[in-house]
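# Survey of secondary and tertiary structure
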Amino acid sequence: MMTSKTILFLPWVVTHSLALPYGASNTQVDAALYRLGVDVSAVPHLNGAAAENECQSACGTLCHLFGSEKVFVENSFDYRNVTKSYWSAQQNEVKPACVFIPSIDTEVSTLVLLSQRTNCPFAAKSGGHAAFAGASSSQGGITMLFQDLNEIALNKDKSIASIGPGNKWGQVYKALAPYDLAVVGGRASEIGVGGLLTGGGISYFSNLHGWALDNVESFEVVSAINGDILTASETEHPDLYWALRGGGNNVGLVTKFNLYTIPSPPLTGTTRVFSEDKFSNVVEAFVDVAKDATVDGNAQQYVIFASMGGANVASAELTYADNVRDPAIFEKYRSIPALSDASTTKSLVEYCDGLAAQDQYGLREIFWNRSFKLDEDFAKWAVDHWFSVLPQISNIPGAIVGLIFQAITEPVLEKMSYAGGNALGLDVSGGPILMMHVLGMWNSGSDDDSINDFINEFFDDAVSEAKSRGVDNNFVYMNYASRFQDVVSSYGDANKARLRDIASKYDPRGVYQTLQPGYFKLTHGPVADPS
């Protein structure tokens, strides 16, 4: 176990670091561990005292250093609770060698160095809301649970909220509510802070303030070189700051997000459900609201097209960031006769809790998305085509698959140039953008291929049609991407190359590419395309 003297010794590491060059030896890694208070010579699992494989050695070392309260071994009660806590059934099936729960940033550094020392892979779990196995779980490796890195603190003038990656957005909003403040973050309470912020972050306030990644004042991040905790901001390590805004987990593990605060007004929400004969009108309303974001940034919308109870319906979720009952920007939606209309005014906390209550855990899940230029005729074609092919999976037990329209508006795109810009490769000249996102849920793993093939073929058809109309846009949003998609390549060749250069600078050994293999890497998606 680390002693109190060791913990007092740790701050020295941040300012007196030992750089590990490419191809660093165990001796150099051991020296970096020593500076974190780990004497490798005193750890039996690292000295050949036990004949173990790489991950047994790493897990044994973590147990030796931190004890069973922070390291859960396979088949223990706590281990099973963690591995069954993910949103998707696919992630719940993953079995790591052990689960590690750090409580301070330097313990994350220790894990990253031990992974290099033992060649044991790892993954980090913030909220665990990804849809595919291995995104935030490590088969046979170490799954690092960020739950105890859960700081939520305001600076003196309350302009910055410091938030640990172990938080979910509901926790953040509840902590800030007494101050009548919020941050630009997720729309459901159970979504984790870490994955959303490094991949994008669509918010109820996006048309006012941009996506969440463009509202980060600075990141505190673990460097793979020697476990240093670096601050990345517009003025300090600005290249790393740029890369972390959209680069996912490719350049470091973030142990603290410092976010700009915003006022937290009541939200007025409306869910209007429309029958199939109104789909054309719904698409027209969607396009109009997306374009009018330049006039009224309070509005946020998404529309789900799905088959429910044997009927094809469109459900429009309309949110307004102020206590206004019938905002003018939604007038076209209100003019369309609806099957149902549920309107309410709630706090941000209540709104996000309500959305989370509708989310089902433990099913097989898939996300898949693609972007196109916002074009009304193409959007209508996409809806018609969706419902023409949807019967292909109607015989799959428990299958609920919906096509979701969201817009990347001009105000959002304008804010992507702030503070040196982000890695996504989007700008206002290409907007507004229609983002089509498919969400699927079903019961049995035997139906995985049928669902995957169906969605892949739908997007192949959509891309072909978009290209014929001159409205294609290659961008793939990381937070809604499937395991078959190469997200980083969709950012454009120049941004992909820049991300690789930055990764080489801060992680010359490729630790975050090879020893943290899950999620979307700089050169490929998680698995090969199924087509």
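Residues numbered from 1 in each chain as written. Predicted model: local features only at pLDDT ≥ 70, side-chain atom pairs only at ≥ 80, totals over all residues. Heavy atoms only, no water.

### Here we look at the layout of surface pockets
- The space that makes up the second largest pocket amounts to roughly 380 Å³.
- Taken together, 29 residues make up the lining of the second largest pocket; nearest its centre are Phe132, Ala133, Gly134, Arg483 and Val527.
- Sorting the residues of the lining of the second largest pocket by element identifies strand 3 (122-125), strand 15 (364-373) and helix 17 (448-469) as the ones contributing at least two each.
- For the lining of the second largest pocket, the element with the highest residue contribution is strand 15, accounting for four residues.
- Grouping the amino acids of the lining of the second largest pocket by side-chain chemistry returns 16 nonpolar, eight polar and five charged. (1 Å grid on protein atoms, 1.4 Å probe; cavity = no way out; pocket = protein on both sides within 12 Å on 5 of 7 lines; lining within 4 Å. Points joined across faces, edges and corners; volume = space filled by probe spheres on them. Helix = DSSP H or I, 4+ residues; strand = E, 2+ residues; numbered from the N terminus. Nonpolar A, V, L, I, M, F, W, Y, C, P; charged D, E, K, R; others polar.)

### Quick notes on the confidence of the model for the protein
- Looking at the protein as a whole, its pLDDT mean stands at 92, while 94% of the residues score no less than 70.
- Below pLDDT 50 for its whole length, residues 1-23 participates in 49 contacts with residues either more than four positions away or in separate chains. (pLDDT = per-residue confidence, 0-100. Contact = heavy atoms within 4.5 Å.)

### A short note on the pairing of strand 9 (residues 229-233)
- Counting buried positions along strand 9 gives four out of five residues, so the element sits mostly inside the fold.
- Taken together, the five bridges between strand 8 (residues 216-222) and strand 9 define a ladder with antiparallel strand orientation. When the bridges of strand 9 are listed, phenylalanine 219 appears paired with alanine 232.
- If you look at the hairpin formed by strand 8 and strand 9, you'll find six residues sitting between the two strands, and glycine 227 has a positive phi there, around 80 degrees. (Buried < 20%, exposed > 50% of the residue type's maximum accessible area, 1.4 Å probe, protein only. Pairing = 2+ DSSP bridges.)

### Some words on the sheet that holds strand 4 (residues 142-145)
- Within the open sheet, the four strands sit side by side as 1-2-4-3. Their pairing is mixed. For this open sheet the edge positions go to strand 1 (71-73) and strand 3, each flanked by a neighbour on one side alone. Between one strand axis and the next, the sheet turns through 20 degrees on average, direction left out of account.
- Bridge count for strand 3 against strand 4 is four bridges, and the pairing is parallel. Counterpart to lysine 125 in the pairing with strand 4 is leucine 145. (Axes fitted to C-alpha atoms, helices over the stretch in contact; angles between N-to-C directions.)

### Some remarks on the sheet that holds strand 11 (residues 267-275)
- Pairing is antiparallel in the open sheet, where eight strands are placed in the order 14-11-13-12-16-17-15-18. Edge positions in the open sheet fall to strand 14 (340-346) and strand 18 (472-473), since each of these has one partner strand only.
- The pairing of strand 11 with strand 14 spans seven bridges and is antiparallel. Bridge pairing in strand 14 links valine 273 to serine 340.
- Of the strands in this sheet, strand 11, strand 12 (299-308), strand 13 (311-320) and strand 14 touch helix 14 (residues 348-357), which is tilted by about 35 degrees from strand 11.
- Against the sheet, helix 17 touches strand 15, strand 16 (400-408), strand 17 (433-442) and strand 18, its axis set at about 5 degrees to strand 15.

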